[in-house]
Amino acid sequence: MSDTKVYLLDGGSLVLDGFHVFWNRGPGGEIRFPVYSILIEHAEGRFLIDSGYDYDHVMKVLPFEKPQQSKAQTIPGALAELGLEPKDVGVVFNSHFHFDHCGGNKYLPHAKRICHKLEVPQTCSPEPFEVLGYSDVSFSVEAAETRGMTDQLIDGATRENTTFEGIEGDVELAKGVKLFFTPGHSIGHYNLLGEFGTRKPILFSIDAAYTQKSLETLCQASFHIDPDAGVQSMRRVKQLAEDHEADLMFSHDMENFKTYKTGTQFYR
Ligand SMILES: [Zn+2]
């Protein structure tokens, strides 16, 4: 595991009201938060965990989230900073299919694709309160066709090159790259633990806990399918961090994100 490197690909930022970030707790007011993807260079291959949001999609469908994203903050742009191209990614794993976690998938048609087995069906028929979360269906021809949103598909997208391998339960994606099933925020949500040879493991909460304060207060975001499961998953994230003596990294926490290594810097 000593040769494993983890890069955070800065994907720009979005804005939500405080009552969405901290459900029924707030305080209200605009909160600008980061979006990033995780690139793992591993002896078994190059893994991309999530793929950020698509700027044009957000401007068209959710402009009130005020996206700020440079070219270098797109998936092709962030990979280029590392001297890589999208075709250099062997496996893409999506923690769930909310638009800020799958917007760059369309650049990776050649990669193996993995997600929880219930996430594509949920994208095909989301609950009414999930429609905006699951609004970017460019990653799946099946979802785009089911929802009559094929205008989002890019040239070359086919059922074959947008089909996912579905998993369930906890899964070790590669040696020391562990996925923990933490539903609630979405039906098939996963978070991620990366183990290294030389440093403490890193536990990425993904959207089980947007921020450090979210986890400390067990206050999930207003976007969820099952808030009870969401609280249980937050407790599980705390326990996992303890059990593995891991450093925690949060998905949408600007204050903490500023201290994370991004760009060409990496964790190993
Ligand atoms: Zn998110």
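Up top you'll find the structure we're talking about.
Residues numbered from 1 in each chain as written. Predicted model: local features only at pLDDT ≥ 70, side-chain atom pairs only at ≥ 80, totals over all residues. Heavy atoms only, no water.

Q: Just checking my understanding: could you explain the coordination of the zinc ion for this structure?
A: Tetrahedral coordination by four donors places them ideally at 109.5 degrees to one another around the metal; octahedral coordination by six donors ideally gives 90 or 180 degrees. Note on the zinc ion: its protein donors are Asp 100 (OD), His 101 (NE2), Asp 207 (OD) and His 252 (NE2). The metal-donor distances range over 2.0 to 2.2 Å. Geometry at the zinc ion is irregular, judged from its four donor atoms and the angles of 84 to 162° they form at the metal. Read in sequence order, the donor residues for the zinc ion give the motif D-H-x105-D-x44-H. Of this pair, Asp 207 sits in the loop between β10 (202-204) and α7 (212-217) while His 252 sits in the loop between β11 (247-249) and α9 (254-257); the two residues are 45 residues apart in sequence, bridging distant segments of the chain. Exposure remark for His 252: the relative accessible area of 4% places this residue in the buried category. (Donors = N, O, S within 2.8 Å, 3.2 Å for Na, K, Ca; no water. Tetrahedral: all angles 85-135°; square planar, octahedral: opposite > 155°, others 65-115°. Helix = DSSP H or I, 4+ residues; strand = E, 2+ residues; numbered from the N terminus. Buried < 20%, exposed > 50% of the residue type's maximum accessible area, 1.4 Å probe, protein only.)

Q: What should I look at first to understand the nonpolar core in this one?
A: Across soluble globular proteins, you tend to see nonpolar side chains buried next to one another. One finds Leu 8, Ile 38 and Phe 204 to be the most contacted residues of the largest nonpolar core, which totals 37 residues. Among the elements that line this core, the one with the most residues is helix α8 (residues 227-243), at four residues. Core analysis: the second largest hydrophobic core is formed by 13 residues, Leu 16, Val 21, Phe 33 and Val 58 among them. (Core = buried A, V, L, I, M, F, W, Y, C linked by side-chain atoms within 4.5 Å.)

Q: Which parts of the structure should I look at to understand a nonpolar patch on the surface?
A: A contiguous nonpolar surface patch, about 250 Å² in accessible area, is contributed by Val 61, Phe 64 and Leu 132. The class of Leu 132 is partly exposed, set by a relative accessible area of 39%. (Patch = residues over 30% accessible without salt bridge, like charges linked within 9 Å, V, L, I, M, F, W, Y side chains within 5 Å. Areas by Shrake-Rupley, 256 points an atom, 1.4 Å probe, with all protein chains shown as cover. Salt bridge = Lys/Arg side-chain N within 4 Å of Asp/Glu carboxyl O.)

Q: Just to check I follow, could you spell out the environment of Val 177 for this structure?
A: Residue position: Val 177 is located in strand β8 (residues 177-181). On the accessibility criterion, Val 177 (2% relative accessible area) is buried. Val 177 sits 86 residues away from Val 91 along the chain, and the two C-alpha atoms are 13 Å apart. When residues no more than four places from it in sequence are discounted, the contact partners of Val 177 are Ile 40, His 42, Val 171, Glu 172, Leu 192 and Leu 193. (Contact = heavy atoms within 4.5 Å.)

Q: Can you help me understand the packing of aromatic side chains in this one?
A: By convention here, two paired aromatic rings are described through the distance between centres and the angle between planes. This structure, assessed with the given rule, holds ten aromatic pairs. Ring geometry for Tyr 36 against Tyr 260: centres 6.3 Å apart, planes inclined by 80°, an arrangement best described as edge-to-face. With Tyr 36 in strand β2 (residues 30-42) and Tyr 260 in the segment after α9, this residue pair connects regions lying 224 residues apart in the sequence. With 4.0 Å between their ring centres and 15° between their planes, Phe 97 and Phe 139 make a pair best called stacked. Here Phe 139 lies in the loop between α5 (119-124) and α6 (141-146) and Phe 97 lies in the loop between β4 (91-93) and α4 (99-102), a separation of 42 residues in the sequence. As far as burial versus exposure is concerned, Phe 97 and Phe 139 are alike and both buried. By the ring-pair criterion, three or more aromatic residues cluster together here, those being Tyr 36, Phe 257 and Tyr 260. (Phe/Tyr/Trp six-rings, centres within 6.5 Å; stacked < 30°, edge-to-face > 60°.)

Q: It is not clear to me how α8 should be interpreted in this structure. Could you clarify?
A: Residues separated by three or four positions in an α-helix point in the same direction, a consequence of the helix having 3.6 residues per turn. Taking 1.5 Å of rise per residue, the 17 residues of α8 would be expected to cover 24 Å, and the 24 Å separating its terminal C-alpha atoms lies within 8% of that figure. For α8, the full list of buried residues reads Ala 229, Gly 230, Ser 233, Met 234, Val 237, Leu 240 and Ala 241. Along the long axis of α8, the arc covered by the buried residues comes to 145°, so they all point the same way. Across from the buried face of α8, at angles greater than 90 degrees, the exposed residues are Asp 228, Glu 242 and Asp 243. (Expected span 1.5 Å × (residues − 1). Arc of directions from axis to C-beta.)

Q: What exactly am I supposed to notice about the side chain of Thr 162 here?
A: On the secondary structure map, Thr 162 appears in the loop between α6 and β6 (165-167). Judged by its relative accessible area of 9%, Thr 162 is buried. Reaching out from Thr 162, the side chain makes a polar contact with the backbone nitrogen of Val 141 at a distance of 3.1 Å. A polar atom in the side chain of Thr 162 sits 2.7 Å from the backbone oxygen of Thr 158. Beyond its immediate chain neighbours, meaning those up to four positions away, Thr 162 contacts Arg 113, Phe 139, Ser 140, Val 141 and Ala 157. (Polar contact = N/O pair within 3.5 Å; in protein donor to acceptor, adjacent residues only side chain to side chain.)

Q: It is not clear to me how the sheet that holds strand β9 (residues 190-194) should be interpreted in this structure. Could you clarify?
A: Strand-to-strand pairing in sheets goes through backbone hydrogen bonds, with the strands running parallel or antiparallel. In space, the five strands of this open sheet follow the order β7-β8-β9-β10-β11, with mixed pairing throughout. If you trace the sheet from one side to the other, it starts and ends with β7 (171-174) and β11, each paired once. When the angles between neighbouring strand axes are averaged without regard to direction, this sheet yields 25°. Examined bridge by bridge, β10 and β11 share three bridges and lie parallel to one another. Along β11, the bridge assignment pairs Ile 202 with Asp 247. (Pairing = 2+ DSSP bridges. Axes fitted to C-alpha atoms, helices over the stretch in contact; angles between N-to-C directions.)

Q: How should the pairing of β8 be read in this particular structure?
A: On a regular strand, each side chain points to the face opposite its neighbour's, so the side chains alternate between the two faces of the sheet. As paired strands, β7 and β8 are joined by three bridges and run antiparallel to one another. The residue bridging Val 171 from the neighbouring strand is Leu 179, located in β8. The loop that links β7 with its antiparallel partner β8 comprises two residues; one of these, Gly 176, has a positive phi angle of about 80°.

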